[in-house]
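Architecture and fold: a report
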Amino acid sequence: MFEEVNGKLSSKFVFNDFDEAMSFVNAVAKVANEHDHHPDMSISWNTVVIECCTHSAGGVITDLDHSLAAAITELAEVG
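In this numbering scheme, every chain counts its residues from 1 along its sequence in written order. Local features are withheld for residues below a pLDDT of 70 in this predicted model, meaning they are given only at 70 or higher, and side-chain atom pairs are given and counted only at 80 or more; totals for whole chains, interfaces and linings count all residues. Each side-chain value is worked out from all heavy atoms of the structure, with water and hydrogens disregarded.

1. Structural notes on the environment of Ser42
- Residue position: Ser42 is located in strand S3 (residues 40-44).
- With 17 residues separating them in the primary sequence, Ser42 and Val25 have C-alpha atoms 9.2 Å apart. Think of it this way: any DSSP run of H or I at least four residues long counts as a helix, any run of E at least two long counts as a strand, and we number them from the N terminus.

2. Focus: helix H2 (residues 63-78)
- Here the expected length of a helix is defined as 1.5 Å per residue gap, with one fewer gap than residues. Compared with an ideal rise of 1.5 Å per residue, which puts 16 residues at 22 Å, H2 spans 23 Å between its outermost C-alpha atoms and is within 8% of the ideal.
- Three exposure classes are used, based on accessible area relative to the maximum for each residue type with a 1.4 Å probe and protein chains only: buried under 20%, partly exposed in between, and exposed over 50%. Within H2, burial applies to Asp65, Leu68, Ala69, Ala71, Ile72 and Thr73.
- In what follows, a contact means two residues having at least one pair of non-hydrogen atoms within 4.5 Å. Packing partners of the buried residues in H2 comprise strand S2 (8-14), helix H1 (18-35) and strand S4 (47-52).

3. So, the side chain of Asn46
- Considering the arrangement of structural elements, one finds Asn46 in the loop between S3 and S4.
- Counting of polar contacts relies on pairs of N or O atoms within 3.5 Å, with two restrictions inside protein: one atom must be capable of donating a hydrogen and the other of accepting it, and residues adjacent in sequence are counted only when both atoms are side-chain atoms. At a separation of 3.1 Å, a polar atom in the side chain of Asn46 contacts the side chain of Thr47.
- Beyond its immediate stretch of four places on either side in the chain, Asn46 contacts Phe13, Val14, Phe15, Asn16, Asp17 and Ala21.

4. Quick notes on the environment of Met22
- Its location among the elements puts Met22 in helix H1.
- Classification of Met22 as partly exposed rests on a relative accessible area of 24%.
- Considered as a pair, Met22 and Val5 are 17 residues apart in the sequence and their alpha carbons are 24 Å apart.

Next up, the structure:
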């Protein structure tokens, strides 16, 4: 689901409406806190774009990003 775009792991998630998108964002926030690693997210009505890179490593993709992306993908598949 995530692919490398411009040096970040990126994925777009589309939902039925704003409420579903926001529920997903809140679930991602919980997972991000559990991983102590936080992605960049943008929300536009029913669409959420998530980008992962490790800011503390100079904005490159690390194992932390792959782990978080896998957890977010799992969250999307379950939800």
